[in-house]
Amino acid sequence: MQQHPTPRVPARTTAPLYRRGRRRSALVAALLATALLSTAAHAPVVRADAPAASPEAADCPSVLAGKARCYTGRDAQGAHYAIAVPTRWNGSLVVHAHGGPDLGEASDPARSTGDLERWAVMVKEGYAWAGSSYRRGGYGTRMAAADTESVRRVFVDRFGRTGRTYLHGQSWGGNVAAKVAETYGRKPGAYDGVLLTNGVLGGGSRGYDHRVDLRVVYQYYCGNHPRPTEPRYPLWQGLRPDSTMTAAGLRSRLRECTGFDADPAARTPLQQRNLDDILAVTGIPERALESHLRFATFTFRDIVSTRLGGRNPFSNQGVRYAGSHDDRALNAGVERFAADPAARRDLSFDSDLTGSISLPVLTLHAIDDPTAFVEHESAYRATLRGAGRAHLLVQSFTRESEHSGLSDAEYATSLAALDRWARTGHPPTPRSLAAACPAVDRAYGAGCFYDPAFTPAPYASRVLPRPGGRHWPAMTAGQERAWSRIDGVGIAP
(Lines give C-alpha, C1' and ligand atoms only; values in the text may rest on other atoms or scores of the structure.)
Protein backbone atom coordinates (compact mmCIF):
# COMPACT_ATOMS: atom_id res chain seq x y z
CA MET A 1 0.00 0.00 0.00
CA GLN A 2 1.32 3.45 -0.86
CA GLN A 3 2.97 5.29 2.02
CA HIS A 4 2.34 8.99 2.36
CA PRO A 5 4.96 11.47 3.57
CA THR A 6 4.69 12.62 7.13
CA PRO A 7 2.65 15.86 7.21
CA ARG A 8 4.47 18.90 8.43
CA VAL A 9 3.21 20.61 11.56
CA PRO A 10 2.82 24.38 11.30
CA ALA A 11 4.71 26.26 13.98
CA ARG A 12 2.75 27.92 16.77
CA THR A 13 2.21 31.61 16.29
CA THR A 14 0.96 32.29 19.81
CA ALA A 15 2.33 30.92 23.06
CA PRO A 16 -0.39 28.85 24.78
CA LEU A 17 -1.68 30.30 28.03
CA TYR A 18 -2.50 26.87 29.50
CA ARG A 19 0.78 25.20 28.66
CA ARG A 20 3.53 27.43 30.02
CA GLY A 21 5.46 24.27 30.83
CA ARG A 22 6.35 23.98 27.16
CA ARG A 23 8.81 26.82 27.61
CA ARG A 24 10.90 24.65 29.88
CA SER A 25 13.73 22.56 28.63
CA ALA A 26 12.91 19.20 27.15
CA LEU A 27 14.67 17.51 30.05
CA VAL A 28 12.67 19.31 32.74
CA ALA A 29 9.43 18.70 30.88
CA ALA A 30 10.19 15.01 30.56
CA LEU A 31 11.03 14.70 34.24
CA LEU A 32 7.87 16.51 35.24
CA ALA A 33 5.76 14.36 32.97
CA THR A 34 7.28 11.22 34.46
CA ALA A 35 6.60 12.42 37.99
CA LEU A 36 3.02 13.36 37.22
CA LEU A 37 2.23 10.08 35.53
CA SER A 38 3.83 8.07 38.31
CA THR A 39 1.70 9.78 40.92
CA ALA A 40 -1.56 9.74 38.94
CA ALA A 41 -4.05 7.87 41.05
CA HIS A 42 -3.75 4.27 39.86
CA ALA A 43 -4.15 5.27 36.23
CA PRO A 44 -3.65 2.21 34.02
CA VAL A 45 -0.09 2.43 32.77
CA VAL A 46 0.31 3.59 29.18
CA ARG A 47 3.60 2.05 28.10
CA ALA A 48 5.23 4.48 25.73
CA ASP A 49 8.07 2.01 25.09
CA ALA A 50 5.88 -1.05 24.48
CA PRO A 51 6.20 -2.53 21.00
CA ALA A 52 3.26 -1.83 18.74
CA ALA A 53 2.76 -1.84 15.01
CA SER A 54 2.98 1.55 13.31
CA PRO A 55 -0.20 3.01 11.84
CA GLU A 56 -0.87 1.67 8.36
CA ALA A 57 -2.52 3.57 5.54
CA ALA A 58 -6.21 2.73 5.19
CA ASP A 59 -9.23 3.86 3.23
CA CYS A 60 -10.93 6.94 4.61
CA PRO A 61 -14.69 7.07 5.13
CA SER A 62 -16.43 8.25 1.96
CA VAL A 63 -17.23 11.61 3.55
CA LEU A 64 -13.49 12.28 3.74
CA ALA A 65 -12.52 10.94 0.31
CA GLY A 66 -9.90 13.25 -1.18
CA LYS A 67 -9.85 15.37 1.97
CA ALA A 68 -7.61 13.35 4.29
CA ARG A 69 -5.17 10.49 4.63
CA CYS A 70 -6.36 7.79 6.99
CA TYR A 71 -4.55 5.16 9.03
CA THR A 72 -5.48 2.30 11.34
CA GLY A 73 -3.55 0.15 13.77
CA ARG A 74 -3.46 -1.49 17.15
CA ASP A 75 -1.61 -0.20 20.19
CA ALA A 76 0.57 -2.07 22.68
CA GLN A 77 -2.47 -2.91 24.86
CA GLY A 78 -4.41 -4.37 21.93
CA ALA A 79 -6.74 -1.44 21.32
CA HIS A 80 -7.63 -0.77 17.69
CA TYR A 81 -7.51 2.85 16.60
CA ALA A 82 -8.15 5.08 13.60
CA ILE A 83 -6.31 8.25 12.56
CA ALA A 84 -7.04 10.86 9.92
CA VAL A 85 -4.78 13.69 8.76
CA PRO A 86 -6.38 16.34 6.53
CA THR A 87 -4.69 17.18 3.27
CA ARG A 88 -4.83 20.79 4.47
CA TRP A 89 -3.84 20.15 8.06
CA ASN A 90 -3.77 23.05 10.50
CA GLY A 91 -1.20 21.20 12.61
CA SER A 92 -3.50 20.48 15.57
CA LEU A 93 -5.07 17.24 16.74
CA VAL A 94 -8.42 16.14 18.19
CA VAL A 95 -8.21 12.99 20.33
CA HIS A 96 -11.63 11.38 20.56
CA ALA A 97 -13.07 9.27 23.41
CA HIS A 98 -16.02 7.15 22.32
CA GLY A 99 -19.20 6.48 24.25
CA GLY A 100 -20.93 3.31 25.29
CA PRO A 101 -19.50 1.31 26.82
CA ASP A 102 -19.72 -1.38 24.18
CA LEU A 103 -20.07 -4.84 25.72
CA GLY A 104 -17.98 -7.02 23.41
CA GLU A 105 -15.04 -8.84 24.94
CA ALA A 106 -12.41 -7.63 22.47
CA SER A 107 -11.44 -4.32 20.92
CA ASP A 108 -13.71 -3.61 17.94
CA PRO A 109 -11.84 -2.07 14.98
CA ALA A 110 -15.11 -0.85 13.47
CA ARG A 111 -15.79 1.37 16.46
CA SER A 112 -12.96 3.86 15.85
CA THR A 113 -13.48 3.97 12.09
CA GLY A 114 -17.21 4.50 12.61
CA ASP A 115 -16.53 7.34 15.02
CA LEU A 116 -14.18 8.95 12.50
CA GLU A 117 -17.01 8.98 9.99
CA ARG A 118 -19.48 10.36 12.54
CA TRP A 119 -17.18 13.21 13.56
CA ALA A 120 -15.59 13.83 10.17
CA VAL A 121 -16.55 17.49 10.62
CA MET A 122 -13.46 17.92 12.79
CA VAL A 123 -11.21 16.69 9.98
CA LYS A 124 -13.04 18.91 7.51
CA GLU A 125 -12.22 21.82 9.82
CA GLY A 126 -8.53 21.08 9.38
CA TYR A 127 -7.79 19.05 12.51
CA ALA A 128 -6.12 15.68 12.55
CA TRP A 129 -8.23 13.11 14.40
CA ALA A 130 -7.34 10.04 16.44
CA GLY A 131 -9.69 7.70 18.25
CA SER A 132 -9.27 4.44 20.14
CA SER A 133 -11.70 1.51 20.22
CA TYR A 134 -10.34 0.68 23.71
CA ARG A 135 -8.61 -2.60 24.48
CA ARG A 136 -11.83 -4.41 25.43
CA GLY A 137 -15.53 -3.87 25.72
CA GLY A 138 -17.32 -3.44 29.01
CA TYR A 139 -17.08 -0.85 31.72
CA GLY A 140 -13.79 0.72 32.72
CA THR A 141 -13.42 4.49 32.61
CA ARG A 142 -9.77 4.64 33.65
CA MET A 143 -8.92 1.90 31.18
CA ALA A 144 -10.63 3.85 28.40
CA ALA A 145 -8.82 7.01 29.50
CA ALA A 146 -5.47 5.21 29.32
CA ASP A 147 -6.26 3.92 25.82
CA THR A 148 -7.28 7.42 24.74
CA GLU A 149 -3.95 8.77 25.97
CA SER A 150 -2.25 5.88 24.19
CA VAL A 151 -3.64 6.85 20.77
CA ARG A 152 -2.39 10.40 21.32
CA ARG A 153 1.09 8.99 21.85
CA VAL A 154 0.76 6.78 18.79
CA PHE A 155 -0.06 9.86 16.74
CA VAL A 156 2.89 11.85 18.08
CA ASP A 157 5.26 8.93 17.53
CA ARG A 158 4.17 8.65 13.89
CA PHE A 159 3.52 12.25 12.88
CA GLY A 160 5.50 14.31 15.37
CA ARG A 161 4.59 16.99 17.85
CA THR A 162 1.30 18.73 17.12
CA GLY A 163 0.50 22.41 17.24
CA ARG A 164 -2.25 21.91 19.80
CA THR A 165 -4.13 18.88 21.03
CA TYR A 166 -7.76 18.82 22.12
CA LEU A 167 -9.82 16.12 23.76
CA HIS A 168 -13.33 15.35 22.59
CA GLY A 169 -15.75 12.97 24.30
CA GLN A 170 -19.42 12.31 23.64
CA SER A 171 -21.84 10.39 25.89
CA TRP A 172 -19.88 8.05 28.19
CA GLY A 173 -16.90 9.29 26.22
CA GLY A 174 -17.49 12.62 27.96
CA ASN A 175 -16.81 10.88 31.27
CA VAL A 176 -13.73 9.25 29.71
CA ALA A 177 -12.38 12.50 28.24
CA ALA A 178 -12.94 14.33 31.52
CA LYS A 179 -11.00 11.53 33.26
CA VAL A 180 -8.18 11.89 30.70
CA ALA A 181 -8.03 15.61 31.46
CA GLU A 182 -7.74 14.93 35.18
CA THR A 183 -5.30 12.04 34.90
CA TYR A 184 -3.04 12.90 31.97
CA GLY A 185 -3.94 16.52 31.23
CA ARG A 186 -1.33 18.02 33.53
CA LYS A 187 1.55 16.59 31.56
CA PRO A 188 3.18 19.56 29.81
CA GLY A 189 2.38 19.50 26.12
CA ALA A 190 -0.21 16.72 26.20
CA TYR A 191 -3.52 18.56 25.85
CA ASP A 192 -4.65 22.15 25.43
CA GLY A 193 -8.41 21.94 25.95
CA VAL A 194 -11.44 19.68 26.26
CA LEU A 195 -14.74 19.54 24.36
CA LEU A 196 -17.46 17.45 26.04
CA THR A 197 -20.67 16.90 24.06
CA ASN A 198 -23.81 15.31 25.51
CA GLY A 199 -21.54 13.99 28.22
CA VAL A 200 -22.35 11.55 31.02
CA LEU A 201 -20.71 13.80 33.62
CA GLY A 202 -22.27 12.59 36.87
CA GLY A 203 -19.77 9.73 37.18
CA GLY A 204 -20.54 6.08 37.79
CA SER A 205 -21.54 6.21 41.44
CA ARG A 206 -24.43 8.66 40.78
CA GLY A 207 -24.74 8.86 37.02
CA TYR A 208 -26.76 5.64 36.77
CA ASP A 209 -29.09 6.03 39.74
CA HIS A 210 -32.06 6.75 37.47
CA ARG A 211 -31.43 3.37 35.85
CA VAL A 212 -31.26 1.70 39.25
CA ASP A 213 -34.67 3.22 39.90
CA LEU A 214 -35.96 2.09 36.52
CA ARG A 215 -34.81 -1.47 37.17
CA VAL A 216 -36.73 -1.79 40.45
CA VAL A 217 -39.79 0.23 39.40
CA TYR A 218 -40.11 -1.76 36.20
CA GLN A 219 -40.02 -5.04 38.10
CA TYR A 220 -42.58 -3.80 40.63
CA TYR A 221 -45.12 -3.10 37.88
CA CYS A 222 -44.20 -5.76 35.32
CA GLY A 223 -42.93 -8.72 37.34
CA ASN A 224 -41.43 -10.33 34.25
CA HIS A 225 -37.73 -9.48 34.58
CA PRO A 226 -37.31 -12.09 36.01
CA ARG A 227 -40.62 -13.93 35.73
CA PRO A 228 -41.97 -15.78 38.79
CA THR A 229 -41.06 -19.07 37.10
CA GLU A 230 -37.42 -18.06 36.54
CA PRO A 231 -34.47 -18.14 38.98
CA ARG A 232 -34.51 -15.15 41.29
CA TYR A 233 -31.60 -12.75 41.65
CA PRO A 234 -31.17 -9.32 43.26
CA LEU A 235 -32.13 -6.61 40.80
CA TRP A 236 -28.91 -4.67 41.35
CA GLN A 237 -27.24 -7.40 39.29
CA GLY A 238 -29.13 -6.17 36.24
CA LEU A 239 -29.30 -9.74 34.99
CA ARG A 240 -28.09 -12.98 36.48
CA PRO A 241 -24.61 -13.88 35.20
CA ASP A 242 -25.65 -17.07 33.37
CA SER A 243 -28.78 -15.67 31.70
CA THR A 244 -29.07 -16.07 27.93
CA MET A 245 -31.54 -13.22 27.54
CA THR A 246 -30.97 -11.09 24.44
CA ALA A 247 -31.91 -7.50 23.67
CA ALA A 248 -34.79 -8.84 21.58
CA GLY A 249 -35.99 -10.90 24.53
CA LEU A 250 -35.91 -7.89 26.81
CA ARG A 251 -37.83 -5.85 24.26
CA SER A 252 -40.47 -8.55 24.13
CA ARG A 253 -40.96 -8.39 27.90
CA LEU A 254 -41.14 -4.60 27.87
CA ARG A 255 -43.73 -4.75 25.09
CA GLU A 256 -45.70 -7.40 26.98
CA CYS A 257 -45.92 -5.21 30.08
CA THR A 258 -46.33 -1.73 28.62
CA GLY A 259 -47.06 -1.94 24.89
CA PHE A 260 -44.41 0.79 24.65
CA ASP A 261 -43.92 0.51 20.88
CA ALA A 262 -47.57 0.01 19.99
CA ASP A 263 -50.18 2.56 19.01
CA PRO A 264 -51.73 3.81 22.26
CA ALA A 265 -55.13 2.68 21.06
CA ALA A 266 -53.81 -0.88 20.82
CA ARG A 267 -52.59 -1.01 24.44
CA THR A 268 -54.63 -2.64 27.14
CA PRO A 269 -55.66 -0.43 30.07
CA LEU A 270 -53.14 -2.26 32.29
CA GLN A 271 -50.33 -1.75 29.79
CA GLN A 272 -51.09 1.96 29.57
CA ARG A 273 -51.19 2.34 33.34
CA ASN A 274 -47.92 0.44 33.74
CA LEU A 275 -46.27 2.63 31.12
CA ASP A 276 -47.64 5.84 32.65
CA ASP A 277 -46.46 4.88 36.12
CA ILE A 278 -42.96 3.83 35.03
CA LEU A 279 -42.40 7.00 33.03
CA ALA A 280 -43.85 9.30 35.70
CA VAL A 281 -41.81 7.83 38.54
CA THR A 282 -38.46 7.56 36.72
CA GLY A 283 -38.65 10.67 34.55
CA ILE A 284 -37.30 8.69 31.59
CA PRO A 285 -38.69 9.75 28.18
CA GLU A 286 -40.90 7.17 26.51
CA ARG A 287 -38.76 7.12 23.36
CA ALA A 288 -35.68 6.15 25.39
CA LEU A 289 -37.33 3.68 27.77
CA GLU A 290 -36.02 0.58 26.04
CA SER A 291 -32.43 1.83 25.78
CA HIS A 292 -32.32 2.78 29.47
CA LEU A 293 -33.74 -0.61 30.44
CA ARG A 294 -31.10 -2.33 28.29
CA PHE A 295 -28.40 -0.43 30.15
CA ALA A 296 -29.99 -1.30 33.51
CA THR A 297 -29.94 -4.93 32.43
CA PHE A 298 -26.87 -5.78 30.35
CA THR A 299 -24.45 -3.00 31.37
CA PHE A 300 -25.34 -3.45 35.02
CA ARG A 301 -24.53 -7.15 34.65
CA ASP A 302 -21.16 -6.21 33.16
CA ILE A 303 -20.40 -3.73 35.96
CA VAL A 304 -21.49 -6.02 38.79
CA SER A 305 -20.67 -9.54 37.65
CA THR A 306 -17.69 -8.99 35.37
CA ARG A 307 -15.96 -5.88 36.72
CA LEU A 308 -16.78 -5.93 40.44
CA GLY A 309 -16.75 -9.65 41.13
CA GLY A 310 -20.45 -9.86 41.93
CA ARG A 311 -20.39 -7.02 44.47
CA ASN A 312 -23.15 -4.41 44.52
CA PRO A 313 -22.21 -0.72 43.98
CA PHE A 314 -25.83 0.49 43.80
CA SER A 315 -28.35 1.61 46.40
CA ASN A 316 -31.92 2.83 46.56
CA GLN A 317 -32.14 3.04 50.33
CA GLY A 318 -33.82 6.24 51.47
CA VAL A 319 -35.32 6.95 48.06
CA ARG A 320 -39.00 7.81 47.99
CA TYR A 321 -40.63 7.18 44.64
CA ALA A 322 -43.44 9.50 43.59
CA GLY A 323 -45.71 10.19 40.64
CA SER A 324 -47.50 6.86 40.34
CA HIS A 325 -51.19 6.16 40.79
CA ASP A 326 -50.39 4.70 44.24
CA ASP A 327 -47.07 5.89 45.68
CA ARG A 328 -47.65 4.25 49.06
CA ALA A 329 -48.01 0.79 47.54
CA LEU A 330 -45.03 1.38 45.25
CA ASN A 331 -42.69 2.42 48.05
CA ALA A 332 -43.87 -0.46 50.23
CA GLY A 333 -43.42 -3.06 47.51
CA VAL A 334 -40.40 -2.00 45.48
CA GLU A 335 -37.19 -3.98 46.01
CA ARG A 336 -34.67 -2.20 48.25
CA PHE A 337 -30.95 -2.74 48.64
CA ALA A 338 -27.85 -1.05 49.98
CA ALA A 339 -24.48 -0.85 48.23
CA ASP A 340 -21.42 -2.78 49.29
CA PRO A 341 -19.14 0.09 50.44
CA ALA A 342 -16.05 -1.38 48.79
CA ALA A 343 -17.88 -1.96 45.50
CA ARG A 344 -19.23 1.58 45.52
CA ARG A 345 -15.75 2.91 46.27
CA ASP A 346 -14.30 0.95 43.35
CA LEU A 347 -16.92 2.22 40.91
CA SER A 348 -16.43 5.75 42.21
CA PHE A 349 -12.65 5.54 41.93
CA ASP A 350 -12.92 4.27 38.38
CA SER A 351 -15.43 6.76 37.02
CA ASP A 352 -16.25 9.68 39.31
CA LEU A 353 -14.65 13.05 38.58
CA THR A 354 -12.77 15.16 41.10
CA GLY A 355 -12.87 18.35 39.04
CA SER A 356 -9.09 18.74 39.39
CA ILE A 357 -8.40 20.07 35.91
CA SER A 358 -5.95 22.61 34.53
CA LEU A 359 -7.38 22.86 31.01
CA PRO A 360 -10.19 24.96 29.52
CA VAL A 361 -13.33 22.84 29.13
CA LEU A 362 -16.19 23.67 26.78
CA THR A 363 -19.37 21.61 26.86
CA LEU A 364 -22.22 21.33 24.40
CA HIS A 365 -25.42 19.54 25.42
CA ALA A 366 -28.83 18.98 23.84
CA ILE A 367 -31.49 20.25 26.23
CA ASP A 368 -33.80 17.36 25.36
CA ASP A 369 -31.12 14.64 25.32
CA PRO A 370 -33.14 11.53 26.26
CA THR A 371 -30.11 9.47 27.29
CA ALA A 372 -27.63 11.70 29.11
CA PHE A 373 -30.01 14.15 30.70
CA VAL A 374 -28.95 17.78 30.43
CA GLU A 375 -28.81 17.91 34.24
CA HIS A 376 -25.48 16.06 33.98
CA GLU A 377 -24.11 19.51 33.18
CA SER A 378 -25.25 20.75 36.59
CA ALA A 379 -23.41 17.87 38.21
CA TYR A 380 -20.23 18.74 36.34
CA ARG A 381 -20.43 22.43 37.14
CA ALA A 382 -20.95 21.58 40.81
CA THR A 383 -17.96 19.21 40.62
CA LEU A 384 -15.66 21.89 39.22
CA ARG A 385 -17.02 24.47 41.61
CA GLY A 386 -16.30 22.14 44.52
CA ALA A 387 -12.73 21.74 43.24
CA GLY A 388 -12.27 25.48 42.75
CA ARG A 389 -11.99 25.10 38.96
CA ALA A 390 -15.32 26.48 37.73
CA HIS A 391 -13.49 29.33 35.98
CA LEU A 392 -12.16 26.78 33.48
CA LEU A 393 -15.67 25.72 32.37
CA VAL A 394 -17.99 27.20 29.74
CA GLN A 395 -21.25 25.36 29.07
CA SER A 396 -23.53 25.73 26.06
CA PHE A 397 -26.90 24.21 25.26
CA THR A 398 -28.93 23.55 22.14
CA ARG A 399 -32.60 22.97 21.44
CA GLU A 400 -31.88 19.52 20.04
CA SER A 401 -33.33 16.22 21.15
CA GLU A 402 -30.79 13.63 20.06
CA HIS A 403 -28.05 11.99 22.08
CA SER A 404 -25.66 10.40 19.61
CA GLY A 405 -25.13 13.35 17.28
CA LEU A 406 -25.51 17.11 17.17
CA SER A 407 -25.31 19.64 14.35
CA ASP A 408 -22.00 19.61 12.47
CA ALA A 409 -22.06 23.39 12.49
CA GLU A 410 -22.19 23.34 16.29
CA TYR A 411 -19.27 20.91 16.56
CA ALA A 412 -17.24 23.13 14.24
CA THR A 413 -18.23 26.29 16.12
CA SER A 414 -17.37 24.73 19.47
CA LEU A 415 -13.99 23.47 18.31
CA ALA A 416 -13.05 26.86 16.86
CA ALA A 417 -14.09 28.59 20.08
CA LEU A 418 -12.10 26.14 22.22
CA ASP A 419 -9.04 26.68 20.03
CA ARG A 420 -9.37 30.45 20.35
CA TRP A 421 -9.75 30.14 24.12
CA ALA A 422 -6.61 28.01 24.39
CA ARG A 423 -4.61 30.41 22.23
CA THR A 424 -5.74 33.70 23.71
CA GLY A 425 -7.05 32.94 27.18
CA HIS A 426 -10.40 34.55 26.30
CA PRO A 427 -13.27 32.09 26.92
CA PRO A 428 -16.35 32.06 24.70
CA THR A 429 -19.82 32.72 26.05
CA PRO A 430 -23.07 30.99 25.16
CA ARG A 431 -24.08 34.11 23.25
CA SER A 432 -20.82 34.36 21.31
CA LEU A 433 -21.16 30.70 20.28
CA ALA A 434 -24.72 31.28 19.09
CA ALA A 435 -23.64 34.38 17.17
CA ALA A 436 -20.71 32.61 15.48
CA CYS A 437 -22.58 29.49 14.38
CA PRO A 438 -24.60 30.80 11.40
CA ALA A 439 -21.46 31.80 9.49
CA VAL A 440 -19.99 28.34 10.10
CA ASP A 441 -23.25 26.69 9.04
CA ARG A 442 -22.96 28.13 5.53
CA ALA A 443 -20.53 25.30 4.87
CA TYR A 444 -22.67 22.58 6.48
CA GLY A 445 -26.34 23.49 6.29
CA ALA A 446 -26.93 21.51 9.48
CA GLY A 447 -28.55 24.30 11.46
CA CYS A 448 -27.68 26.22 14.62
CA PHE A 449 -29.85 25.57 17.66
CA TYR A 450 -28.07 27.26 20.55
CA ASP A 451 -30.16 28.52 23.45
CA PRO A 452 -27.87 31.02 25.22
CA ALA A 453 -30.41 31.71 27.98
CA PHE A 454 -30.84 28.11 29.10
CA THR A 455 -29.62 26.96 32.52
CA PRO A 456 -30.12 23.33 33.59
CA ALA A 457 -31.82 22.49 36.86
CA PRO A 458 -29.83 20.74 39.61
CA TYR A 459 -28.98 17.09 39.02
CA ALA A 460 -31.10 16.06 42.02
CA SER A 461 -34.17 17.55 40.33
CA ARG A 462 -33.95 14.88 37.62
CA VAL A 463 -32.29 11.92 39.35
CA LEU A 464 -33.53 11.02 42.82
CA PRO A 465 -30.59 11.61 45.19
CA ARG A 466 -29.37 9.03 47.65
CA PRO A 467 -28.53 10.14 51.20
CA GLY A 468 -25.47 12.38 50.97
CA GLY A 469 -25.73 12.52 47.19
CA ARG A 470 -26.27 16.25 46.84
CA HIS A 471 -22.67 17.24 47.49
CA TRP A 472 -20.12 17.43 44.67
CA PRO A 473 -17.54 16.26 43.73
CA ALA A 474 -18.79 12.72 44.20
CA MET A 475 -15.14 11.79 44.75
CA THR A 476 -12.80 14.43 46.12
CA ALA A 477 -9.15 14.69 45.16
CA GLY A 478 -8.31 13.66 48.72
CA GLN A 479 -10.42 10.53 48.46
CA GLU A 480 -8.80 9.68 45.15
CA ARG A 481 -5.33 9.98 46.66
CA ALA A 482 -6.28 7.88 49.69
CA TRP A 483 -8.03 5.21 47.64
CA SER A 484 -5.16 5.02 45.18
CA ARG A 485 -3.03 3.47 47.96
CA ILE A 486 -5.42 0.51 48.27
CA ASP A 487 -4.22 -2.55 46.38
CA GLY A 488 -6.63 -3.57 43.63
CA VAL A 489 -8.85 -0.51 43.96
CA GLY A 490 -11.12 0.37 41.05
CA ILE A 491 -11.91 -1.69 37.95
CA ALA A 492 -9.18 -3.76 36.33
CA PRO A 493 -8.25 -2.84 32.73
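None of these values were measured; they are calculated from a predicted model. Within every chain, residues take consecutive numbers counted from 1 along the sequence as written. For a predicted model such as this one, the threshold for reporting local features is a pLDDT of at least 70, and the threshold for listing and counting side-chain atom pairs is 80 or more; totals across whole chains, interfaces and linings nevertheless cover every residue. Hydrogens are left out, water is left out, and the side-chain values use all remaining heavy atoms of the structure.

J.: Looking at this structure, how should I read the packing of helix 7 (residues 209-222) against helix 10 (residues 289-307)?
T.: In helix packing, the relevant descriptors are the interaxial angle and the interaxial distance, both defined with respect to the helix axes. As a packed pair, helix 7 and helix 10 sit with axes 9 Å apart at the nearest point and diverge in direction by 95°. In terms of orientation, helix 7 lies roughly perpendicular with respect to helix 10. Residues His-210, Arg-211, Val-212, Leu-214, Arg-215 and Tyr-218 of helix 7 pack against Leu-289, His-292, Leu-293, Phe-295, Ala-296, Thr-297 and Phe-300 of helix 10. Split by residue class, the contact of helix 7 with helix 10 holds eight nonpolar, three polar and two charged. The axes used here are C-alpha line fits, helices contributing only the stretch in contact, and every angle between their N-to-C directions lies in the interval 0 to 180 degrees. Strands here are runs of E lasting at least two residues and helices are runs of H or I lasting at least four, both read from the DSSP assignment and numbered beginning at the N terminus. Comment on the angle field: the value is read as roughly parallel under 35 degrees, roughly antiparallel over 145, roughly perpendicular from 65 to 115, and oblique elsewhere. Whether two residues are in contact is decided by their heavy atoms: any pair within 4.5 Å suffices. Three classes are used, and their members are as follows: Ala, Val, Leu, Ile, Met, Phe, Trp, Tyr, Cys and Pro are nonpolar, Asp, Glu, Lys and Arg are charged, and the others, Gly among them, are polar.

J.: Where do I start with the state of the cysteines in this structure?
T.: Throughout this description, disulfide means a covalent bond between two cysteine sulfur atoms. Any pair of cysteine sulfurs within 2.5 Å is marked as a disulfide. Taken as a whole and judged by the stated rule, the model has three disulfides. Covalently, Cys-222 is tied to Cys-257 through a disulfide, its sulfur atoms 1.9 Å apart. In this structure the cystine formed by Cys-222 and Cys-257 twists about its S-S bond by roughly -80°; its chirality is therefore left-handed. A residue pair is termed long-range when its members are at least 10 positions apart, and Cys-222 in helix 7 and Cys-257 in helix 8 (residues 247-258) qualify at 35 residues. Numbered in order of appearance, the disulfide-bonded cysteines of the protein are paired 1-2, 3-4, 5-6.

J.: For this particular structure, what's the right way to read unusual backbone geometry?
T.: Most peptide bonds take the trans configuration, and most residues that are not glycine carry a negative phi. Pro-226 follows His-225 through a cis peptide bond whose omega is 15°. Structurally, Pro-226 is set in the loop between helix 7 and helix 8. In this structure, Pro-473 follows Trp-472 across a cis peptide bond, with omega equal to 5°. Relative to the helices and strands, Pro-473 is located in the loop between helix 15 (430-441) and helix 16 (477-483). Residues other than glycine seldom take positive phi values, yet Tyr-134 does so here, at roughly 70°. Locating Tyr-134 in the fold gives a position in the loop between strand 5 (128-132) and helix 4 (141-159). Its identity is not glycine, yet Ser-171 carries a phi of approximately 65°, on the positive side.

J.: Please explain the pairing of strand 4 (residues 93-97) as it appears in this structure.
T.: Moving residue by residue along a regular strand, the side chains alternate between the two faces of the sheet. Note on exposure labels: buried denotes an accessible area under 20% of the residue type's maximum, exposed denotes more than 50%, and partly exposed covers the range between, all computed with a 1.4 Å probe on protein chains only. For strand 4, the tally of buried residues reaches five of five residues, placing the bulk of the element in the interior. In short, DSSP must find at least two bridges between two strands for them to pair. Where strand 4 and strand 5 come together, four bridges link them in parallel fashion. By the bridge assignment, Val-95 is partnered in strand 5 with Ala-130. Pairing analysis gives five bridges linking strand 4 to strand 6 (residues 165-170), with the strands arranged parallel. Its bridge partner lying in strand 6, His-96 is registered against His-168.

J.: Would you mind going over the packing of aromatic side chains with me for this structure?
T.: In this description, a pair of aromatic rings is defined by centroid distance and the angle of the planes. Two aromatic rings from Phe, Tyr or Trp, using only the six-membered ring of Trp, form a pair when their centres are within 6.5 Å; if the ring planes differ by under 30 degrees the pair is stacked, by over 60 it is edge-to-face, and anything between is tilted. Taken as a whole and assessed by the stated rule, the structure comprises 14 aromatic pairs. Ring plane angle 90° and centroid distance 5.6 Å describe the contact between Tyr-459 and Trp-472, whose orientation is recorded as edge-to-face. In this pair, Tyr-459 is assigned in the loop between helix 15 and helix 16 and Trp-472 in the loop between helix 15 and helix 16, connecting sequence segments 13 residues apart. Under the relative-accessibility criterion, Tyr-459 is labelled buried at 6%. For Trp-472, a relative accessible area of 16% corresponds to the buried category. Any Lys NZ or Arg CZ that is within 6 Å of a ring centre and within 35 degrees of that ring's normal is treated as a charge sitting over the ring. Over the ring of Tyr-191 we find Arg-152, and its NZ or CZ is 5.4 Å from the ring centre. Here the guanidinium or amino end of Arg-206 rests over the ring plane of Trp-472, the centre of that ring lying 4.5 Å away.

J.: Teacher, can you tell me more about the side chain of Ser-112 here?
T.: Mapped onto the elements, Ser-112 comes out in helix 2 (residues 109-118). Once residues within four sequence positions are removed from consideration, Ser-112 is found in contact with His-80, Tyr-81, Ala-82, Trp-129, Gly-131, Ser-132 and Ser-133.

J.: Can you walk me through the pairing of strand 6 in this structure?
T.: Burial of strand 6 is extensive: six of the six residues sit out of reach of the surface. What you see with strand 6 is no split at all: Thr-165, Leu-167 and Gly-169 on one side and Tyr-166, His-168 and Gln-170 on the other are buried throughout. By the bridge criterion, five bridges tie strand 6 to strand 7 (residues 193-197) in an arrangement that is parallel. Residue pairing in the sheet places His-168 in a bridge with Leu-195 of strand 7.

Bear in mind that shape data such as this cannot, by itself, settle questions of function.
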